[in-house]
Amino acid sequence: MHDINVVDLSRLQFALTALYHYLFVPLTLGMSFMLAAMETVYVTTGKEIYKRITQFWSKLFLINFALGVATGLTMEFEFGTNWSFYSSFVGDIFGAPLAIEGLMAFFMESTFVGLMAFGWDRLKRGQHLAVTYLVALGSNLSALWILIANSFMQMPHGASFNPTTMRMELSSFTELIFSPDAQAKFVHTSIAGYVTAAIFVAGVSAWYLLKQRHVDLARRSFRMAVLFGVLATAGVITLGDALGFIGGQAQPTKLAAMEGLWKTQPAPMPFNLIAFPSQRDQTNRGEIQVPYVLSLLVTHSLTGTVPSIEQLEQEAIARIHNGIPAVAALQRLAADPHNAGALAQFNAHEKDLGYGFLVQRYAPDVTQATDAQIATAARDSIPQVAPIFWSFRVMVALGLFMLAYFVLAVIYTMRNRVERKRWFLKLAVVMIPVPFLANEAGWVVAELGRQPWTVYGMLPTWMSASTHSVGYMIFSLIGFVSLYTIFIIVEMYLMVRTIRQGPDSHPDANSSDKQWQAGRLAGTEA
Amino acid sequence: MELYAALQFVWWLLLGVLLIGLAVMVGMDMGVGTILRYVGRTDTERRVALNIIGPHWDGNQVWFILGGGAVFAAFPLIYATAFSGFYVVMLLLLWSMIVRPLGFEYRSKLPSARWRNVWDWSLFVSGLVPMVVFGAAFGNLFQGVPFHFSWNLTSTYTGSFLALLNPFAILCGLLSASLSIFMGAATVMNGATGVMYDRARQLARIAALVAIALFAIGGLWVHGMTGFVLSAGPGAGVAQTPLQQTVVPAAGAWFANFQTYPVLWIVPALAVAGMLLGWLAAGARRSHLAWWLGAIAWLGVIGTAGVALFPFLLPSSSVPAQSLTVWNASSSKLTLTWMVGFAVFFVPLILWYTSWAFYVMRGKVSAADVEADEHAY
């Protein structure tokens, strides 16, 4: 049987390595398209400055990309090394999008990124532009397939449990890939990457403008970033709403945790703007509520209600009672796959199999489970409310803040005032970490909110881990923490150094800036 | 043959294709990493070596990622059991591999000689360690791995970390490393001139001879080894778990397939021919030919292991009856069908654009180019 410490340590390791990987991915998603946009301007207008712009930002892109690739390897390994029961239980479904990601997307991205970096003199302009677009397309398709895989964990569509093979198997490939959660999440997540890149490019450009260095490049990059960013931020917020709408129906426990909704209330329900949820007392302290808003937000109506934690726990108890015979039947089927009675019993209770597993943590022989054990297991079915509640608010607040920032940036840029607003340029520099924080908060909402399941309603997290010793887990955790700490220091150092060096390491550094400014004075842009 | 059984067999073949792709493509980059400090004595020489594979290592590495993804999708029980069973070895493999992208991308970003030296060593480690581990994993397949399943197919590994590094496994690891050094050396010959070319040529010839010797010793060793025979079970194309079969250990069992189908001797013959002709081709300064012969040698070596073990994929030494085979470890019919569809479409496409990428970047890498190009490693 699994050692719970091993499960917790596996979770900690996965969370750390995934959050770390997720520092680099969004920037790759967005920067790749921004590079394609910059290069498009170069190819269509033929202005050399845009080639310099593209090449400069691609240096930063590649420094970031290397760590994205490196830490992505970890994610692939971890399913097998640390979550082996999960891998064999749902590999039939979950493995497919990962393999297709490799075939369709990652090969494209990685093959062409080499040509993008090394092919400037070997390819014709149009060819190089096509290569840059293929990198962007590849990285975004990669995100699509990963999120299809992730969405299966959130909303297990297109699969069913096969008692003959003792695992979940694919029943409909199209249902798997067209899962509504996957579609909404892909757009929300990839656009969040565009916002990240826009804020990064705008921030670095603003720093140059403050220092009056590489002004030509910075001014043009800033404009492009702002345009890219304002559209993307509006998109993220709209799609975030759609995702909440779809996800809320699929995962009521996550939704209840996001809202800190302990007790059942009549419609129209108020929204907890601020609250301090207490898991132990099953209540919130210091609530500040806005009337009507929760019903409106989640159900898009004033009469809709959202199930509370209290209500969901009661439902979980009923489902555990129904799931117990399913697990018991499965154990009989393992001993004798041809036992018709056991198969009939399994089929009758199949839909609550996962809830049977939930109580198996406390009662290895599920048929002996006591009411107290069932109540504990039902309480387990509710995730940690406070971190989810707050991560969600942090994400939304930062999203709205970024929207306000971009709207202001557009106004200033259109009026050509941005360089006179030094406070705004300083703000733009300070904004650089903000989208990264919002991305990480979003990950916490999505993944911590899915607990206690690895596959929502089907496979509890406590069962999913490999059967390792605690010593192994500590060994690997120390290894990851030390390596990753070194990596991030090196990466940040190289990023900052490359930014400080700027686009030109050649002696004629600022010549094109001067030309550009002279051109502006004469009323004609270079 | 029933469709499901055919799909299982096709996926066994495709797994072979992916492993060979991995060994050839990632293996050559890792080989370059392993010999980097030998073929390149000065910083510029090392930069030339790195820039020969610079445009391609990232794309090549996807063979590894795809290999993992394909095992996950087509043989999930193998993925789950092998990755968790080989835990410490897998982490060493992973940690050495995640250093590679940084080694390439970050090494030449700072002028400091110490900085570059550190990355050169890390490229050496991340070139050598994964290839040794990769080969050692194959070595363990022949001997069986101590794992078993509980009723719900939770797998438990009962061996120690050091048990995976037994003499036969180390032999296989060295074979894998020497083939990778051969490929790396042929790649450096393709892209370099002068002294670097000569050093690489010398290494290629030594590596080929070492590989032939190790392959021959390995063959004799396996001949005397106790293998496994699947004596009863649901068989091919039937939904099943590894809890429903009978497996008996038998001396020389890993040669049974060759005895039943003598035509299969072609596969190990390809391995020997590839290495031997590769040795001659490197000697005759035909570096492209040597590279292709190295790829054929890999085909022969991995093919030999696959044919010998078939239908076993991961035999259990502690509970042989629970050994994983092509029939009991594969995914469902529907998953295998969809995956074949994607593979049939995308694998040729990948081969096509990979060849194009190599065509675009063909030719020798000169020291002057490396120093002039801002994007060079």
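In this text, all values refer to a predicted model and were calculated from it rather than measured experimentally. (Residues numbered from 1 in each chain as written. Chains lettered and ligands numbered in written order. Predicted model: local features only at pLDDT ≥ 70, side-chain atom pairs only at ≥ 80, totals over all residues. Heavy atoms only, no water.)

1. Thoughts on the overall build of chain B
Of the regular secondary structure elements, chain B holds 13 helices and 6 strands. For 377 residues, the compact-globule estimate of 2.2 N^0.38 gives 21 Å, and chain B sits close to it at 21 Å. Taken along its principal axes, the extent of the C-alpha atoms in chain B is 65 × 40 × 35 Å. Within chain B, the proportion of its 377 residues that are buried is 63%. For chain B, the proportion of contacts with a sequence separation of at least 24, taken over those separated by at least 6, is 80%. Within chain B, the 12 negative side-chain charges are centred at a point lying 7 Å from the centre of the 17 positive side-chain charges. (Helix = DSSP H or I, 4+ residues; strand = E, 2+ residues; numbered from the N terminus. Rg over C-alpha atoms; globule rule 2.2 N^0.38 Å. Buried < 20%, exposed > 50% of the residue type's maximum accessible area, 1.4 Å probe, protein only. Contact = heavy atoms within 4.5 Å. Lys, Arg positive; Asp, Glu negative; His and termini not counted. Charge placed at Lys NZ, Arg CZ, Asp CG, Glu CD.)

2. A short note on the nonpolar core
Grouped burial of nonpolar side chains is what soluble globular proteins tend to show. Counting residues in hydrophobic clusters, the biggest one holds 303 residues, and the most contacted among them are Trp57 and Phe200 of chain A together with Phe75 and Tyr106 of chain B. In terms of residues, this core owes the most to one element, helix H3 (residues 84-118) of chain A, which gives 22 residues. In this view, Trp57 of chain A contacts Met31, Leu35, Met38, Phe200, Val201, Val204, Ser205 and Ser221 of chain A; residues no more than four positions away in its chain are not counted. Counting residues in hydrophobic clusters, the runner-up holds 13 residues, among them Met258, Ile382, Ile388 and Ala441 of chain A. (Core = buried A, V, L, I, M, F, W, Y, C linked by side-chain atoms within 4.5 Å.)

3. Re helix H16 (residues 433-448) of chain A
For H16 of chain A, with 16 residues, the first-to-last C-alpha span of 22 Å sits near the 22 Å given by 1.5 Å per residue. Here H16 of chain A lies mainly inside the structure; 13 of its 16 residues are buried. (Expected span 1.5 Å × (residues − 1).)

4. Thoughts on the pattern of salt bridges
According to the stated counting rule, one finds 20 salt bridges over all chains in the structure shown. Among the salt bridges present, the one from Asp352 of chain A reaches Lys351 of chain A, with a minimum N-O distance of 3.2 Å. We classify Asp352 of chain A as buried; its relative accessible area is 2%. Overall, Lys351 of chain A belongs to the exposed group, its relative accessible area being 60%. With its nearest N and O atoms 3.1 Å apart, the salt bridge here joins Arg46 of chain B to Asp120 of chain B. Placement of Arg46 of chain B in helix H2 (residues 43-53) and of Asp120 of chain B in helix H6 (residues 113-143) is noted, with a sequence separation of 74 residues between them. Comparing Arg46 of chain B with Asp120 of chain B shows no difference in burial state: the two are buried. (Salt bridge = Lys/Arg side-chain N within 4 Å of Asp/Glu carboxyl O.)

5. Some points on the packing of aromatic side chains
Here a ring pair, both rings aromatic, is described through the centre-centre distance and the interplanar angle of the planes. Taken as a whole, this structure holds 68 aromatic pairs over all chains when the rule is applied. Judged by centre distance (6.2 Å) and plane angle (90 degrees), the rings of Phe142 of chain B and Trp254 of chain B are edge-to-face. With Phe142 of chain B in helix H6 and Trp254 of chain B in the loop between strand S4 (246-251) and helix H9 (256-260), the pair connects residues that are 112 residues apart, well separated along the chain. Considered together, Phe142 of chain B and Trp254 of chain B belong to a single accessibility category, that of buried residues. Ring plane angle 50 degrees and centroid distance 6.1 Å describe the contact between Phe255 of chain B and Phe258 of chain B, whose orientation is recorded as tilted. Overall, Phe255 of chain B belongs to the buried group, its relative accessible area being 14%. Taken together, the ring pairs connect Phe14, Phe77, Phe79, Tyr86 and Phe94 of chain A together with Phe64, Phe72, Tyr79 and Phe83 of chain B into an aromatic cluster. The ring of Phe389 of chain A has Arg393 of chain A lying over it, and the distance from NZ or CZ to the ring centre is 3.6 Å. Sitting over the face of the ring of Tyr359 of chain B, Arg362 of chain B holds its NZ or CZ atom 4.1 Å from the ring centroid. (Phe/Tyr/Trp six-rings, centres within 6.5 Å; stacked < 30°, edge-to-face > 60°. Lys NZ or Arg CZ within 6 Å of the ring centre and 35° of its normal.)

6. Quick notes on the pairing of strand S2 (residues 167-170) of chain A
Where strand S1 (residues 159-162) of chain A lies against S2 of chain A, 4 bridges are found, and the strand directions are antiparallel. Of the residues in S2 of chain A, the one forming a bridge with Asn162 of chain A is Arg167 of chain A. (Pairing = 2+ DSSP bridges.)

7. Section: the side chain of Gln282 of chain A
Residues and elements named next belong to chain A. Along the chain, Gln282 turns up in the loop between strand S3 (271-278) and strand S4 (283-290). Classification of Gln282 by relative accessible area gives buried; the value is 11%. Separated by 3.0 Å, the side chain of Gln282 and the backbone oxygen of Gln279 make a polar contact. Residue contacts for Gln282: discarding those within four places in its chain leaves Trp262, Lys263, Ile309, Glu313 and Arg379. (Polar contact = N/O pair within 3.5 Å; in protein donor to acceptor, adjacent residues only side chain to side chain.)

8. Some remarks on the UniProt feature "transmembrane region" (unreviewed entry) in chain B
Here, UniProt's "transmembrane region" (unreviewed entry) annotation points to residues 12-39, 85-106, 118-141, 161-182, 203-222, 263-282, 289-314 and 334-354 of chain B. When the span residues 161-182 of chain B is considered, its composition is 73% helix and 0% strand, and the gap between its end C-alpha atoms is 29 Å. (UniProt positions renumbered as here; feature names shortened; annotations may be inferred.)

9. Here's the deal with the interface of chain B and chain A
When the parts of a complex come together, some accessible area is lost, and that lost area is often used as the size of the interface. Contacts between the two partners involve 76 residues from chain B and, on the opposite side, 88 residues from chain A. For the pair chain B and chain A, the summed buried area comes to about 7,400 Å², and 74% of that belongs to carbon and sulfur atoms. Its largest share of buried area at the contact with chain A, chain B owes to Tyr87, Trp151 and His375 of chain B, together 11% of the area lost on that side. The interface formed by chain B and chain A contains 0 salt bridges. Across the chain B-chain A interface, the total number found is 16 residue pairs in polar contact (both at pLDDT 80 or more). Mapped by element, the contributors of at least two residues to the side of chain B that touches chain A are helix H3 (57-74), helix H4 (76-85), helix H5 (87-106), H6, strand S2 (155-157) and helix H12 (333-360) of chain B. Partitioned by chemical class, the residues of the side of chain B that touches chain A number 51 nonpolar, 20 polar and 5 charged. (Buried area = accessible area lost by both parts, 1.4 Å probe. Nonpolar A, V, L, I, M, F, W, Y, C, P; charged D, E, K, R; others polar.)

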